[in-house]
Amino acid sequence: MKELVIGSRGSQLALWQARHIQTQLDNLGLKSRIEVVKTKGDKILDVPLAKIGGKGLFTKELEELLLVGALDLAVHSLKDVPVDLIPPLSLACVSKRVDSRDCFLSMHYPSLEDLPLGAKVGTTSLRRCMQLKRLRPDLDTLSLRGNIQTRLQRLQEGAFDAIILAYAGVERLQIRMPYCVPLSFKQMLPCMGQGALGVEMCSDHPLFATITQLNDPKSALLCGLERAFIARLNGGCQVPLGVHASLKGEVLEMRAIVGLLDASQVVEERIVGSIHEVDELLQLLLERFIEKGALDILTRISL
């Protein structure tokens, strides 16, 4: 059997993720090697993400190589994977989700509440900017691009009073800072799929069914609900829209938030129900969200 080629971005976090999946492939008896690919999002670092396009910023080049057979599979942070994949591309599996919260990091301040008036907070995400403004309208939210190490260096050099990162990446790379505090879901809802990895392949690949053995059913269900919610709103990672699904026993909870960038108008909704009524609960969340004006906000943002 030929050696599988895994496509990955070149950052430390992306390579950690690719090696994590590579280990799981080894457990299936499948040998593989990792091929590093630069994406548009990796090449353009001096412009905010929202200004250089939304969907596929960190996946397009990898997907093109999948389609021509140069890669067998690509490993992504699931939050970066567009909800509308081009056939025959498909998610072969979703890894077991780790902590999906966002994380506050600072050299001098113990928490978001302790930041001084007008403090500079770095983040690449409109979603995070909006929720920061909702909590602290006085904060100066500034674009912060680059890999995690670059962002941490700028924080250490004093360019920012604090930065916000996905807690999953902080934990995976075992980052330790003077202050590193996960934000609760009441403070900040994450991006769809945050904390999980997605393995993308062509669905007609001869080993597609084999790779599906790596799928974590619970994570796939919850992340799938979040992705379906975003798809029906025609949203994505580059809009100020957060969503999170969780499951305790047979009780499903879904929360969502959207708002204008200055948080002058925000729609937030939460539903709780039985896991046996997934489709109905998803539809209910969408209906309530739209009734409160979510589509109007998304339209105003895109103008």
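Residues numbered from 1 in each chain as written. Predicted model: local features only at pLDDT ≥ 70, side-chain atom pairs only at ≥ 80, totals over all residues. Heavy atoms only, no water.

Enquirer: Quick one: what's the story with the environment of Phe208, residue by residue and with numbers?
Expert: Of note, Phe208 is situated in helix 7 (residues 208–211). According to the relative accessible area criterion, Phe208 is buried, its value standing at 15%. Sequence separation of Phe208 and Leu91 is 117 residues, and the distance between their C-alpha atoms is 9.4 Å. What Phe208 contacts, discounting residues up to four positions off in sequence, is Ser90, Leu91, Ala92, Met201, Cys202 and Ser203. (Helix = DSSP H or I, 4+ residues; strand = E, 2+ residues; numbered from the N terminus. Buried < 20%, exposed > 50% of the residue type's maximum accessible area, 1.4 Å probe, protein only. Contact = heavy atoms within 4.5 Å.)

Enquirer: Residues and numbers for the sheet that holds strand 13 (residues 266–274), please.
Expert: The strand order 11-12-13 describes an open sheet built from three strands, whose pairing is antiparallel. Looking at strand neighbours, the two that pair on one side only are strand 11 (241–248) and strand 13, the edges of this open sheet. Mean inter-strand twist for the sheet, computed between neighbouring axes without regard to direction, equals 10°. Direction of pairing for strand 12 (residues 251–259) relative to strand 13: antiparallel, over a ladder of nine bridges. (Pairing = 2+ DSSP bridges. Axes fitted to C-alpha atoms, helices over the stretch in contact; angles between N-to-C directions.)

Enquirer: Give a detailed account of the pattern of salt bridges, specifying residues and quantitative values.
Expert: Side-chain pairing between opposite charges can occur once the charged atoms of the two side chains come close. A complete count under the given rule lists 17 salt bridges for this structure. With a closest N to O distance of 3.7 Å, Asp80 and Lys79 form a salt bridge. Judged by relative accessible area, which is 17%, Asp80 ranks as buried. A single network of salt bridges, built from pairs that share partners, joins Glu3, Arg33 and Glu35. (Salt bridge = Lys/Arg side-chain N within 4 Å of Asp/Glu carboxyl O.)

Enquirer: Which residues make up helix 8 (residues 217–233), and what values go with them?
Expert: The α-helix winds at 3.6 residues per turn, so residues separated by three or four positions along the chain end up facing the same way. Taking 1.5 Å as the rise per residue, helix 8 with 17 residues should run 24 Å; its terminal C-alpha atoms sit 24 Å apart, in good agreement. Burial in helix 8 covers these residues: Ser219, Leu222, Cys223, Leu225, Glu226, Arg227, Phe229, Ile230 and Leu233. The secondary structure elements touched by the buried residues of helix 8 are strand 4 (89–94), strand 11, strand 12, helix 9 (278–291) and helix 10 (294–302). Just past helix 8, the residue Asn234 takes up positive phi, approximately 55°. (Expected span 1.5 Å × (residues − 1).)

Enquirer: A description of the sheet that holds strand 3 (residues 73–77) should follow, citing residues and the corresponding values.
Expert: The sheet built from five strands is open, its strands ordered 2-1-3-10-4 with mixed pairing. Each edge of the open sheet carries a strand with a single partner, namely strand 2 (32–36) and strand 4. The average undirected angle you get between the axes of adjacent strands in this sheet is 30°. As paired elements, strand 1 (residues 4–8) and strand 2 share five bridges and run parallel to each other. By the bridge assignment, Gly7 is partnered in strand 2 with Glu35. Here helix 1 (residues 12–27) sits on the sheet and contacts strand 1, strand 2, strand 3 and strand 10 (197–202); the angle it forms with strand 2, its principal contact strand, is near 160°.

Enquirer: Could you give an account of the packing of helix 8 against helix 9, naming the residues involved and the relevant values?
Expert: Viewed as axis vectors pointing N to C, helix 8 and helix 9 meet at an angle of 40°, and their least axial separation amounts to 11 Å. One finds that helix 8 runs oblique with respect to helix 9. At the point where helix 8 passes helix 9, the crossing takes the right-handed sense. On helix 9, the residues touching Leu225, Ala228, Phe229, Arg232 and Leu233 of helix 8 are Val278, Leu282, Gln283, Leu285, Leu286, Phe289 and Ile290. (Parallel < 35°, antiparallel > 145°, perpendicular 65-115°, else oblique. Left-handed = near helix turned anticlockwise from the far one by under 90°.)

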